[in-house]
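# Chain and residue survey
These are the residues of each chain, in order.
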Amino acid sequence: SLSKIIVVSTLSSGSLIAYSEANTNNRNRGRVAHADAVASKKKKVVVLGTGWAAMTFLKNLNNCIYEVEVVSPRNFFLFTPLLPSVTCGKVEARSIVEPIRNIIRKKNIDVRYREAECTKIDPANNKIYCRATANTNSKRQEEFAIDYDYLIIYNNLHASDPIGTTIIAVGAQVNTFNTHGVEGNCHFLKEIDDAQKIRRNVIDAFEKASLPNLTEEERKKILHFVVVGGGPTGVEFAAELHDFMNEDVVKLYPMVQNFVKITVLEATDHILNMFDKRITKFAEHKFGRDNIEVKLGSMVTKVTENEICTKAKGSDKTTSMPYGMVLWSTGIGPRPIVKDFMKQIGQGNRRALATDEWLRVEGVGNVYALGDCATINQRKVMEDITEIFKKADADNSGTLTLKEFQDISNDICERYSQMQLYLKSKPVRNIFDRPSQVKGKASKESIELRIEEFKSALSEVDTQLKNLPATAQVANQQGAYLAKCFNRMEECEINPEGPTRIRGTGRHRFRPFRYRHLGQFAPLGGEQTAAQLPGDWVSIGHSSKWLWYSIYASKQVSWRTRALVVSDWIRRFIFGRDTSGDT
Ligand code: FAD
């Protein structure tokens, strides 16, 4: 029942494009034939990446007017929150990855995947340059370009601009801050290969330390695990390693267990400093009890083959210590392709692509950016809010009705929504949370008072502006939001659903992206987890660990990975971790 299908379609520009889908099954054949029939009406969307943001976008996109081309060097989606569990054999690598073709084959829209890396985005010519990841032995096959300007797509401002769309969701890379010796001597934990490499190294370290003819000092050096960065990833890895020692090493390598040491180096005054103070304090105490040494205010200056050099905060004195393995986990920075694109569009001095609240890259109408590679330009949002006030003042010259006031405040809320969770001051939050709840007849004075409250709140907000965190939660919500916008693009062109436009008349087509913080976890080892849930609700202990298990199982991208992850957890409970080295 397998056959080869060639589809040739005439596009709006009159050019011909041919593509082949080899070994397509019957189900796909019908879909491609349908795609052919409607090809001339299709709108081109190029998606860069197969991570959280891109995967959620693809999963939620269901309008068949789009022709989607996905470009990514990774042909699978990776469930990153479980990467630390892979490093010590709690969960298998294959359990947390899902082939992207499994995800797109279930779609009723025309999606094609190219295993390639995007090397350049050329917004002036609406072109994407790519290099195939697989070695093809031919430069012609290896390098190719994708045009996204030959199909009609509604861009942001006009309904009929003849340009397609690119969605940049390439994530970020590890930031080494150009620290000497980090590349080459340290491990990173970003991709599945990294986790597998760490796992092999951890097991190798125990096997090496168990060899005869080693001095005590040599065994200690081999079994000294250093984690640089006390953020959630570094802390979780240290906790995983500690559990591995306690639960498996004591049984399997009893002769070397006393030589093991775990050190966490953190440049600031606390680990987990993006969490509530109660969690930070608990984690530091727990690590102290578990003999995990936490060195606060410790900045790494250099890493050599055998030693890691640090400088204490406020002092010029450097100290060094021998190590067996270092995990570098100090945050993220932009990928080269994003840096290059930012330079081209005049954002060269930024750390991530600046977008507006509709996730459109500032200054480039038909390019969207989401996930770790992008950040919403909060300052621009504030400028817009100020402009709404000015406009309201000018329009109403002091005679604002309740309805008008509600419209304005709802408008402000929409603009403001994505940052509200990051504001520490509760009164400010209250003002912005539900302005439409102003009920009853409002006197002119009370409305003016409320506007004054808004204004003073705004000046407070201005000093507290923070970017959205680079998390899967944000990327996931942005992907789902953008897919929803794309699904309704045509409909909303006719009936805009968003807030009123600040400049000019009419409404925006969509409500701006609104981030809903669902909470965050920090596994601390010993089946204990700290959970910080919405409303500043903090829970630490075994019950939160069960919450962690259930949420991470439910968030799996497919039933296949869900079944694999849960069976890995059960296997570990019954049989312990898998300590075979080369798996
Ligand atoms: P990614 O998921 O990184 O995806 C980027 C995609 O782009 C990949 O498919 C990559 O192959 C592709 N790509 C790269 N370069 C190119 C190129 N040149 N051309 C085309 N494609 C390219 N967040 C949470 O919310 N909760 C957690 O518990 C959590 N735990 C984490 C644990 C670890 C160890 C790590 C590393 C991260 C964790 N995060 C967590 C953060 C979360 O993984 C990221 O915020 C999220 O992956 C960002 O999604 P993204 O789509 O922007 O990028």
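Going by the annotation in an unreviewed UniProt entry, the name recorded for the chain is NADH:ubiquinone reductase (non-electrogenic), with Gossypium tomentosum given as the source organism. Recorded under Cofactor (unreviewed entry), the UniProt text for the chain is reproduced unchanged: "FAD". You can read under Sequence similarities (unreviewed entry) in the UniProt record for the chain the words "Belongs to the NADH dehydrogenase family."

### Some remarks on the overall build of the chain
A count of helical and extended segments in the chain gives 19 helices and 25 strands. Going through the 583 residues of the chain one by one, you find that 38% of them count as buried. For the chain, long-range pairs separated by at least 24 residues make up 65% of all intrachain contacts whose partners lie at least 6 apart in sequence.

### What about the sheet that holds strand β16 (residues 307-312)?
Ordered in space as β15-β16-β17, the three strands form an open sheet in which the pairing is antiparallel. In this open sheet, the two edge strands, each paired with only one partner strand, are β15 (298-303) and β17 (318-322). Pairs of neighbouring strands in the sheet enclose a mean axial angle of 35°, with direction left out of account. Judged from the five bridges that link them, β16 and β17 form a sheet pairing that is antiparallel. Across the sheet, the residue bridging to K311 is T318, located in β17.

### Some words on unusual backbone geometry
One non-glycine residue, N178, lies in positive phi territory at about 55°. Structurally, N178 can be placed in the loop between β11 (173-174) and α6 (182-185). Of note, N291 is a non-glycine position whose phi angle comes to about 60°, a positive value. According to the C-beta neighbour criterion, N291 is exposed, with 11 such atoms within 10 Å.

### Concerning the site of the ligand
Close to the ligand lie 33 residues, the nearest being G49, G51, T80, G171 and G371. Elements that contribute at least two residues to the shell around the ligand include exactly α2 (52-60), β4 (66-72), α3 (83-87), β7 (110-122) and α16 (472-487). Split into classes, the residues belonging to the shell around the ligand amount to 18 nonpolar, ten polar and five charged.

### Some points on the sheet that holds strand β8 (residues 127-132)
Hydrogen bonds between backbone groups are what pair the strands of a sheet, and the pairing can be parallel or antiparallel. The sheet built from seven strands is open, its strands ordered β9-β8-β7-β4-β3-β10-β21 with mixed pairing. Only two strands of the sheet have a single partner each, and these edge strands are β9 (143-147) and β21 (367-369). When strand polarity is set aside, the average angle formed by the axes of neighbouring strands in this sheet is 35°. Looking at chain direction, strand β3 (residues 43-48) and strand β10 (residues 165-168) are connected through four bridges and run parallel.

### Quick notes on the packing of α2 against α16
If you want to describe how two helices pack, look at the angle between their axes and the distance between the axes. Two numbers describe how α2 lies on α16: the axes approach to 7 Å, and their chain directions differ by 30°. Pair α2 / α16 crosses with right-handed handedness. Contacts between α2 and α16 involve W52, A53, A54, M55, T56, F57 and N60 on the former and, on the latter, A472, A475, N476, Q478, G479, A480, L482, A483 and K484. Among the residues making up the contact of α2 with α16, the classes are represented as ten nonpolar, five polar and one charged.

### Description of the pairing of β10
Burial of the side chains of β10 extends over both faces: T165 and I167 are buried on one face and T166 and I168 on the other. With three bridges joining them, β10 and β21 adopt parallel strand pairing. The residue of β21 that forms the bridge with I167 is Y368.

### Focus: α2
Among the nine residues that make up α2, seven are buried, leaving the element largely enclosed by the rest of the structure. Those residues of α2 that fall on the buried side of the exposure criterion are W52, A53, A54, M55, T56, F57 and L58.

### Some thoughts on the environment of W546
Along the chain, W546 turns up in helix α18 (residues 542-554). Distance in space between the C-alpha atoms of W546 and E527 is 8.5 Å, their sequence separation being 19 residues.

### Remarks on the environment of D194
By the secondary structure assignment, D194 is in helix α7 (residues 192-209). Dropping the residues within four chain positions of it, D194 is found in contact with H187, F188 and L189.

### Re the confidence of the model for the chain
A residue-level look at the chain finds 73% of positions with pLDDT of 70 or above and a mean pLDDT of 81. Below pLDDT 50 for its whole length, residues 1-40 participates in 43 contacts with residues either more than four positions away or in separate chains. Low pLDDT, under 50, characterises residues 150-162; the predicted model gives this stretch 33 contacts beyond four residues in sequence or across chains. Under the prediction, the complex receives an ipTM of 0.99, its pTM being 0.84.

### Focus: helix α9 (residues 232-252)
An ideal rise of 1.5 Å per residue puts 30 Å on 21 residues; α9 measures up with 28 Å between its terminal C-alpha atoms. Roughly 40° is the biggest bend found in α9, and it falls at M245. Burial of α9 is extensive: 15 of the 21 residues sit out of reach of the surface.

### What about the environment of Q532?
On the secondary structure map, Q532 appears in strand β24 (residues 528-533). With ten residues separating them along the chain, Q532 and A522 place their C-alpha atoms 8.6 Å apart. Beyond its immediate sequence surroundings of up to four residues, Q532 is in contact with F275, D276, I279, G519, Q520 and V538.

About the criteria used
- Residues numbered from 1 in each chain as written.
- Predicted model: local features only at pLDDT ≥ 70, side-chain atom pairs only at ≥ 80, totals over all residues.
- UniProt positions renumbered as here; feature names shortened; annotations may be inferred.
- Helix = DSSP H or I, 4+ residues; strand = E, 2+ residues; numbered from the N terminus.
- Buried ≥ 20, exposed ≤ 12 C-beta atoms within 10 Å, placed from the backbone.
- Contact = placed C-beta atoms within 7 Å.
- Pairing = 2+ DSSP bridges.
- Axes fitted to C-alpha atoms, helices over the stretch in contact; angles between N-to-C directions.
- Near = placed C-beta within 6 Å.
- Nonpolar A, V, L, I, M, F, W, Y, C, P; charged D, E, K, R; others polar.
- Left-handed = near helix turned anticlockwise from the far one by under 90°.
- pLDDT = per-residue confidence, 0-100.
- Expected span 1.5 Å × (residues − 1).
- Bend = angle between axes of the 7 residues up to and from the residue.

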